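Chain by chain, the residues run as shown.
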Amino acid sequence: MTKSRRFVLEASQVLTCPGGTGARHGRAMSDVGLVEEGAVAVSDGFVEAVGQRAELRSRYPDAERVDLSGHVVTPGLVDSHTHAVFGRWRLDEYELRCAGVPYMEIAREGGGINASVNDLRERSEEDLAELSRARLRRVLEHGTTTVEVKSGYGLTLDDELKMLRVIRELSKEAWIDLVPTFLGAHAIPTEYRDRRAEYVDLVAETMIPAVAKAGLAVFCDVFMEPGAYTPAETKRVLEAAVEHGLVPRIHADEFESSGGAELAAEFAAASADHLGAISEAGIRALAGSNTVATLLPGTLLFLGKSYYPPASALIDGGGAVALATDFNPGSSPTVNLQIVMSLACSQLGMSPAEAFVAATANGAAALRLEDGRGTLEPGAPADIAAFSVADFRLVPYLYGSNHCAAVWKRGLRVR
Ligand code: NIG
Ligand code: FE
């Protein structure tokens, strides 16, 4: 890391993703705030000004200049849905799925999430921190400067707290921001298989109060899906979360519609995530709400599904869409939000501009960040990514590669 001072990044294009805090809805998602031959002045870790190169040269004649000709400079990407703390990859499960066994069937047989649970319970905090730090470095290398991370592979009070402490420890390292989510209701742990109501009680009555009291999470999530948590169980957990000051979000309608989007809107959840099987009523409920629809097309690609969430219907209806990786060892092992943007454009009918807003400002809105992260507006923290292409549309277009060439976190060069 080099020390922060005033400097000016001079690029081929700058995207500011304007609009202040809060989500961009509907047509507002198309405004990336494109500045051709643009420049960003950074001072003491914050964005001071954005304008054309010539303009900022005359305004700050003595400032250090960083030549990023041939590059696009954007807000650091915000990945608002990951499960980045885990132990080992699940390669046996991958082979089964390649042979045609469905993801939820593997889960029914005690694999899937519960395989990661068994593995994580055996590991020390230090071990998990080391594994996760290395993975988060890769997240950063792909241009992401803020990342939400969920618990949910512990499923005992102690193991959930262990995961959340790992997230807290890693967030003290200044090169990336982590936003913690408690996901005790991720799977029914194997030992509670025949007494699931008891586990839901444990989550609602013991885990949530303990997590909230320790200040270890901002959000509370539930995997609501046939084969995971029912709508009634989800309500129970989210009511306890709200009572203890955790903000709800839901893994909703991932493979089958069970009213997850509607429930998220009812709870004024920060986001409803996945939505591969969202119903018409769900689309209407989300489009007319402040709940961000977070789409994770990388998961559906990796699981070999042939359907994708209806991004255009959500946006046309006035909804706010965010994009995230869902980075996890089961359903989405990618850390690359750029390829998620490619999928959004090719499979979900989003424009490159909408994809950028969804991966920056709307990701920040899904995390209720109110300090300007996800934008390059004056006053925002200087969380900045530079991509080695001269036109922002090339980021999703040249799919599959990592175009990120440099990253600044609060004005410090971290990549
Ligand atoms: O978002 N759907 C539930 N949770 C994750 C998968 C986690 C896992 O398989 O380990 C998801 O896809
Ligand atoms: Fe997830």
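Residues numbered from 1 in each chain as written. Chains lettered and ligands numbered in written order. Predicted model: local features only at pLDDT ≥ 70, side-chain atom pairs only at ≥ 80, totals over all residues. Heavy atoms only, no water.

### Some thoughts on the overall build of the protein chain
- Scanning the protein chain from terminus to terminus reveals 16 helices and 16 strands.
- Against the globule reference of 22 Å for 415 residues, the protein chain gives a C-alpha radius of gyration of 21 Å, in line with a compact fold.
- With 415 residues in all, the protein chain has 60% of them scored as buried.
- Looking at the protein chain alone, contacts between residues at least 24 apart form 72% of all its contacts between residues at least 6 apart.
- Total accessible area on the protein chain is roughly 15100 Å²; 50% of this is exposed by carbon and sulfur atoms.
- In the protein chain, 40 side chains carry a positive charge and 55 a negative one; their mean positions are 4 Å apart. (Helix = DSSP H or I, 4+ residues; strand = E, 2+ residues; numbered from the N terminus. Rg over C-alpha atoms; globule rule 2.2 N^0.38 Å. Buried < 20%, exposed > 50% of the residue type's maximum accessible area, 1.4 Å probe, protein only. Contact = heavy atoms within 4.5 Å. Areas by Shrake-Rupley, 256 points an atom, 1.4 Å probe, with all protein chains shown as cover. Lys, Arg positive; Asp, Glu negative; His and termini not counted. Charge placed at Lys NZ, Arg CZ, Asp CG, Glu CD.)

### Digging into the site of ligand 1
- Surrounding ligand 1, one finds 15 residues, the nearest of these being Tyr103, Tyr153, Glu254, His274 and Ser331.
- For ligand 1, an oxygen atom lies 2.6 Å from a polar atom in the side chain of Ser331.
- In the shell around ligand 1, the residues fall into four nonpolar, eight polar and three charged. (Near = heavy atom within 4 Å. Polar contact = N/O pair within 3.5 Å; in protein donor to acceptor, adjacent residues only side chain to side chain. Nonpolar A, V, L, I, M, F, W, Y, C, P; charged D, E, K, R; others polar.)

### Some thoughts on the coordination of the iron ion (ligand 2)
- At the metal site, the iron ion (ligand 2) is ligated by His81 (NE2), His83 (NE2), His251 (NE2) and Asp326 (OD), and these contacts range over 2.1 to 2.4 Å.
- Ordering the donors of the iron ion (ligand 2) by residue number gives the pattern H-x1-H-x167-H-x74-D. Separated by 243 residues along the polypeptide, His83 in the loop between β6 (77-79) and α2 (91-98) and Asp326 in the loop between β13 (321-323) and α13 (337-347) bring together distant segments of the chain. Summarising the burial analysis for this pair, His83 and Asp326 share the class buried. (Donors = N, O, S within 2.8 Å, 3.2 Å for Na, K, Ca; no water.)

### Remarks on the packing of aromatic side chains
- Per the stated rule, a full pass over the model turns up nine aromatic pairs.
- Between Tyr192 and Tyr199, the aromatic rings sit 5.2 Å apart at their centres with planes inclined by 50°, giving tilted as the arrangement.
- Every member of this aromatic cluster is reached through a ring pair, and the members are Phe86, Trp89 and Phe327.
- The cationic tip of Arg135 hangs over the ring face of Trp89; the distance from NZ or CZ to the ring centre is 5.2 Å.
- Arg137 extends its terminal NZ or CZ atom over the ring of Trp175, reaching a point 4.9 Å from the ring centre. (Phe/Tyr/Trp six-rings, centres within 6.5 Å; stacked < 30°, edge-to-face > 60°. Lys NZ or Arg CZ within 6 Å of the ring centre and 35° of its normal.)

### Here's the deal with helix α6 (residues 157-171)
- Under the 1.5 Å per step criterion, the end-to-end length of α6 is 21 Å for 15 residues, consistent within 8% with the ideal 21 Å.
- Of the residues making up α6, those classed as buried are Asp159, Glu160, Leu161, Lys162, Met163, Leu164, Val166, Ile167 and Leu170. (Expected span 1.5 Å × (residues − 1).)

### Let's talk about the environment of Ala320
- Of note, Ala320 is situated in the loop between α12 (311-316) and β13.
- In the structure, Ala320 is positioned 297 residues away from Ala23 in sequence and 6.2 Å away in space, judged by C-alpha atoms.
- Not counting residues up to four positions away in its chain, the partners in contact with Ala320 are Ala23, Arg24, His25, Met29, Thr291, Val292, Ala293 and Asn362.

### As for unusual backbone geometry
- With a phi close to 50°, Cys17 is a non-glycine residue in the positive phi region.
- For Cys17, a relative accessible area of 0% gives the class buried.
- Positive phi outside glycine occurs at Asp326, with the angle close to 65°.

### Comments concerning the packing of α6 against helix α7 (residues 196-213)
- The interhelical angle for the contact between α6 and α7, taken along N-to-C directions, is 30°, at an axis separation of 10 Å. Viewed along their axes, α6 and α7 adopt a mutual orientation that is roughly parallel. The hand of the α6/α7 crossing is right-handed. Listed contacts from α7 to Leu157, Glu160, Leu161 and Leu164 of α6 are Thr206, Met207, Ala210 and Val211.
- Grouping the amino acids of the contact of α6 with α7 by side-chain chemistry returns six nonpolar, one polar and one charged. (Axes fitted to C-alpha atoms, helices over the stretch in contact; angles between N-to-C directions. Parallel < 35°, antiparallel > 145°, perpendicular 65-115°, else oblique. Left-handed = near helix turned anticlockwise from the far one by under 90°.)

### Brief notes about a nonpolar patch on the surface
- Taken together, Trp89, Leu91 and Tyr94 make up a surface patch of nonpolar side chains, about 310 Å² in accessible area.
- Inspection of the secondary structure assignment puts Trp89 in the loop between β6 and α2. (Patch = residues over 30% accessible without salt bridge, like charges linked within 9 Å, V, L, I, M, F, W, Y side chains within 5 Å. Salt bridge = Lys/Arg side-chain N within 4 Å of Asp/Glu carboxyl O.)

### Focus on the sheet that holds β6
- The eight strands lie next to each other as β6-β7-β8-β9-β10-β11-β12-β13, forming an open sheet whose pairing is parallel. Bordering the open sheet on either side are β6 and β13, each of which pairs with just one other strand. In this sheet, neighbouring strand axes are inclined to one another by 25° on average, regardless of whether the strands run parallel or antiparallel.
- In the sheet, strand β8 (residues 177-185) pairs with strand β9 (residues 219-224) via three bridges, with the strands oriented parallel. In the strand pairing of β9, Thr181 is matched with Phe219. (Pairing = 2+ DSSP bridges.)

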